[in-house]
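What follows is each chain in one-letter form.
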Amino acid sequence: MNAIYILWLRQIKRYFRSRARIVGSLGQPLLFLVALGFGFGPIFEKAGGGNYIQFLAPGIIAMGILFTAVFSGIEVIWDKQFGFLKETLVAPVSRFEIMLGRTLGGATVAIFQGVLVFLLSLLIGFRPELSLLPVAIVFAALIAIFFTALGTALASMLDDMQGFQLIMNFLVMPTFFLSGALFPMQGLPPAVAAIAAINPLSYGVDGLRGTLVGGAHFGLFTDLGILSIVTILSIAFGSYMFSKIRV
Amino acid sequence: MFSIEVKNLTKKFGQFTAVDNISFTVKKGSIFAFLGPNGAGKTTTIKMLTTLMDQTSGEMLLNGFNPRTQSNEVRKTFGIVFQDPSVDDELTAYENMEIHGVLYKVPNSILKPRIEQLMKFVELWDRKDELVRNFSGGMKRRLEIARGFLHHPKILFLDEPTLGLDPQTRNHVWNYIKKLNQEEETTVFFTTHYMAEAEKSATEIAIIDKGKIIIQGTPDELVKKTGSENLEDAFIAITGHEIREEEANSVDGMRLQRRMWTRK
Ligand SMILES: Nc1ncnc2c1ncn2[C@@H]1O[C@H](COP(=O)(O)OP(=O)(O)OP(=O)(O)O)[C@@H](O)[C@H]1O
Ligand SMILES: [Mg+2]
């Protein structure tokens with residue numbers, strides 16, 4: 001066993017032990033699927049967009065991954081406050097390995113959460129194309145790793161949970177709402193289109209949509225390329241910030 | 001041969017000087033007591049020695065390595081029991097031990113039997129699969145101590161290791177520390193507020209107050225120098241009678257607020 005593996009395993013164990021958290025974090029995606037899916041469905045169809053549930057489900061799957069990933073990254077703050085972080089920081093293990101173990105663990109959990117939302121959306125009426133499912137999982141993994149690493153980076157700068165609200169309100173929510181998860185990218189006002197185009201989640205949503213229902217806006221290769229690059233950057237950023245932690 | 005060498009070490013938090021230009025050495029294989037009233041700067045010193053915090057100025061060497069520039073070598077040489085909790089209480093006691101063993105690369109063949117031996121020693125073996133969250137304060141403390149002993153480091157930092165333990169367990173733990181010290185030549189650097197512990201176990205003592213080391217020597221020397229009956233009287237004679245209120249919770253809360261955006 002090595003350090004990366006045992007820290008990965010720790011994240012997994014903590015996740016599966018808090019059933020309340022698993023169920024609780026399904027509430028929001030379910031609400032979005034039902035309220036938006038059924039609420040906007042008729043208008044969307046009338047406007048010629050096709051079945052809205054088909055359009056929406058990949059966006060909500062991305063949302064499930066996004067929230068769980070950021071939250072997993074932010075757990076660094078808990079570990080700071082409850083003291084466990086010190087235990088890992090004095091160990092003869094590089095900061096990079098610690099960060100990687102935590103991030104991969106958090107990302108695994110986020111992917112699992114994405115799978116749960118996927119299953120939930122099937123119940124609501126989502127009918128995906130399954131031939132590219134493995135590629136969809138790659139997209140899910142990239143979204144998960146990107147945002148867990150980003151959460152870790154931000155949490156490394158903060159000392160208590162009050163910062164968490166700031167991150168949720170000023171980063172996670174805008175990232176989600178301006179990603180094309182809820183609305184098509186075609187014909188947006190230029191400002192919104194520009195923001196969506198620099199939003200990494202847009203490429204994740206687009207990739208999931210392209211693989212699960214078809215019709216990627218940017219194209220699957222663009223999605224994959226951009227998402228891979230930003231994921232590497234966010235791991236680098238995350239491990240740099242993590243290495244700066246002093247407790 | 002010194003395990004720890006500290007020269008002109010200073011730590012400032014903004015305007016406030018927590019550790020003020022201290023110098024000392026700890027001989028290999030000794031049991032060194034670092035004593036002082038609340039807020040004297042003991043934990044801050046330990047944090048700098050154990051790579052958790054950067055000094056403002058001054059030099060340190062642990063087994064010849066610099067904690068700042070050779071942190072990985074330094075981390076290989078020491079083990080620590082923190083003053084504050086540092087176990088993961090959403091894991092079981094056994095899992096906490098296991099993670100520690102893996103992080104410190106204790107070979108598998110040694111790890112399992114040693115975890116069992118140590119957990120029996122602190123009488124937690126029959127509760128090894130329980131979440132630490134459900135443990136009492138003393139049980140958590142015993143787990144922290146057992147974990148600190150797991151990888152047999154060359155230097156062992158113990159920041160008030162016996163805080164909150166009953167007298168039986170305290171004795172028990174000290175016997176183990178002495179055994180490690182004798183059998184493996186482990187250098188022990190500890191802080192405590194139980195003067196009897198320091199008097200009984202330490203081969204050398206340094207007393208720090210308001211960030212400065214005031215006096216240093218063997219327990220006997222300190223008692224003699226101050227003309228006291230025992231170490232407790234000597235300690236009070238040296239550090240005065242006033243009560244330090246450093247640990248007040250409101251202060252801690254404010255410190256947290258202040259630190260939220262300003263990383264140090
Ligand atoms: N991160 C920090 N920011 C600001 N001040 C700090 C910080 N850490 C410690 N201090 C201050 O430095 C001083 C020394 O604290 P330290 O924890 O080293 O004391 P100590 O000797 O370990 O005391 P105790 O016996 O109560 O554990 C205290 O006044 C404390 O408030
Ligand atoms: Mg202290």
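Residues numbered from 1 in each chain as written. Chains lettered and ligands numbered in written order. Predicted model: local features only at pLDDT ≥ 70, side-chain atom pairs only at ≥ 80, totals over all residues. Heavy atoms only, no water.

Peer 1: In this structure, what is going on with the overall build of chain B? I would like to understand it.
Peer 2: Per the secondary structure count, chain B includes ten helices and nine strands. Against the 2.2 N^0.38 benchmark of 18 Å for 264 residues, chain B shows a C-alpha radius of gyration of 18 Å, consistent with a compact globule. A principal-axis box enclosing the C-alpha atoms of chain B has dimensions of 45 × 45 × 35 Å. Across the 264 residues of chain B, 52% fall into the buried class. Summarising the internal contacts of chain B: among those between residues at least 6 apart in sequence, 66% fall at separations of at least 24. For chain B, the accessible surface area stands at approximately 12,100 Å², while carbon and sulfur atoms represent 49% of it. Averaged over its 36 positive side-chain charges, chain B has a centre that lies 5 Å from the centre of its 37 negative ones. (Helix = DSSP H or I, 4+ residues; strand = E, 2+ residues; numbered from the N terminus. Rg over C-alpha atoms; globule rule 2.2 N^0.38 Å. Buried < 20%, exposed > 50% of the residue type's maximum accessible area, 1.4 Å probe, protein only. Contact = heavy atoms within 4.5 Å. Areas by Shrake-Rupley, 256 points an atom, 1.4 Å probe, with all protein chains shown as cover. Lys, Arg positive; Asp, Glu negative; His and termini not counted. Charge placed at Lys NZ, Arg CZ, Asp CG, Glu CD.)

Peer 1: Would you mind going over the packing of aromatic side chains with me for this structure?
Peer 2: Residues and elements named next belong to chain B. Under the definition given, this model contains 27 aromatic pairs over all chains. The interplanar angle of 45° and the centroid separation of 5.2 Å between the aromatic rings of Phe34 and Phe189 together place this pair among those described as tilted. A residue pair is termed long-range when its members are at least 10 positions apart, and Phe34 in strand 3 (residues 31–35) and Phe189 in strand 7 (residues 187–191) qualify at 155 residues. Of the two residues examined, Phe34 and Phe189, each falls in the buried class. (Phe/Tyr/Trp six-rings, centres within 6.5 Å; stacked < 30°, edge-to-face > 60°.)

Peer 1: Please explain the coordination of the magnesium ion (ligand 2) as it appears in this structure.
Peer 2: Residue and element names in this part refer to chain B. Summarising the metal site, the magnesium ion (ligand 2) is bound by the protein donors Thr43 (OG1) and Gln83 (OE1), whose distances to it range over 1.9 to 2.0 Å. Here Thr43, found in helix 1 (residues 42–49), pairs with Gln83, found in the loop between strand 5 (78–81) and helix 3 (93–103); they are 40 residues apart in sequence, far enough to count as distant. Relative accessible area serves as the criterion here: at 24%, Thr43 is assigned to the partly exposed category. (Donors = N, O, S within 2.8 Å, 3.2 Å for Na, K, Ca; no water.)

Peer 1: Explanation requested: the sheet that holds strand 3 of chain B in the structure shown.
Peer 2: Each strand in a sheet pairs with another by means of backbone hydrogen bonds, the pair being arranged parallel or else antiparallel. Residue and element names in this part refer to chain B. If you walk across this open sheet you meet the six strands as 5-6-7-3-8-9, and the pairing is mixed. Both edges of this open sheet fall to strand 5 and strand 9 (212–217), since each of them pairs with a single strand only. Each strand axis lies, on average, 15° off the axis of its neighbour in the sheet, ignoring direction. For strand 3 and strand 7, the ladder comprises three bridges, and the chain directions are parallel. Each bridged residue has a counterpart across the sheet, and for Phe32 the counterpart in strand 7 is Phe189. (Pairing = 2+ DSSP bridges. Axes fitted to C-alpha atoms, helices over the stretch in contact; angles between N-to-C directions.)

Peer 1: Is there a simple way to explain the interface of chain A and chain B in this structure?
Peer 2: In many reports, interface size means the accessible area that the parts give up when they come together. Opposite the 35 residues of chain A that make contact, chain B presents 38 residues. For the chain A and chain B pair, buried surface summed over both sides reaches about 3,400 Å², with 55% attributable to carbon and sulfur atoms. Scanning the region where chain A abuts chain B turns up seven salt bridges. Between Glu95 of chain B and Arg17 of chain A there is a salt bridge, with its nearest N and O atoms 2.7 Å apart. For the pair chain A and chain B, the interface holds eleven residue pairs in polar contact (both at pLDDT 80 or more). When residues of the side of chain A that touches chain B are traced back to their parent elements, those giving at least two are helix 1 (3–17), helix 3 (52–82), helix 4 (84–89), helix 6 (133–157) and helix 7 (162–177) of chain A. The element that contributes the greatest number of residues to the side of chain A that touches chain B is helix 1 of chain A, accounting for seven residues. The residue inventory of the side of chain A that touches chain B, partitioned by class, reads 17 nonpolar, seven polar and eleven charged. (Buried area = accessible area lost by both parts, 1.4 Å probe. Salt bridge = Lys/Arg side-chain N within 4 Å of Asp/Glu carboxyl O. Polar contact = N/O pair within 3.5 Å; in protein donor to acceptor, adjacent residues only side chain to side chain. Nonpolar A, V, L, I, M, F, W, Y, C, P; charged D, E, K, R; others polar.)

Peer 1: Explanation requested: helix 3 of chain B in the structure shown.
Peer 2: Since the α-helix packs 3.6 residues into each turn, any two residues three or four apart lie on the same face. Of all eleven residues in helix 3 of chain B, eleven are buried, a share of seventy percent or more. Those residues of helix 3 of chain B not exposed but buried are Ala93, Tyr94, Glu95, Asn96, Met97, Glu98, Ile99, His100, Gly101, Val102 and Leu103 of chain B. The inward-facing, buried residues of helix 3 of chain B abut helix 1 and helix 4 of chain A together with helix 4 (108–121) and helix 5 (137–149) of chain B. The first or second residue beyond helix 3 of chain B is Lys105 of chain B, which carries a positive phi of 55°.

Peer 1: Would you explain the nonpolar core in this entry?
Peer 2: One broad rule of soluble globular proteins: the nonpolar side chains tend to lie buried together. Judged by nonpolar contacts, the single largest core of 155 residues is most densely connected at Ile4, Phe149, Phe157 and Phe189 of chain B. No other element matches the 17 residues that helix 3 of chain A contributes to this core. Excluding anything up to four places from it in sequence, Phe157 of chain B contacts Ile4, Ile46, Leu49, Thr50, Leu62, Phe78, Gly79, Ile80, Val81 and Phe189 of chain B. (Core = buried A, V, L, I, M, F, W, Y, C linked by side-chain atoms within 4.5 Å.)

Peer 1: How should I be thinking about the environment of Leu233 of chain A in this particular structure?
Peer 2: Residues and elements named next belong to chain A. Inspection of the secondary structure puts Leu233 in helix 10 (residues 220–243). Using a relative accessible area of 55% as the deciding quantity, one classes Leu233 as exposed. When the C-alpha positions of Leu233 and Leu171 are compared, they lie 18 Å apart, and in sequence the two are 62 residues distant.

Without other data, these values stay purely geometric and don't point to any function.
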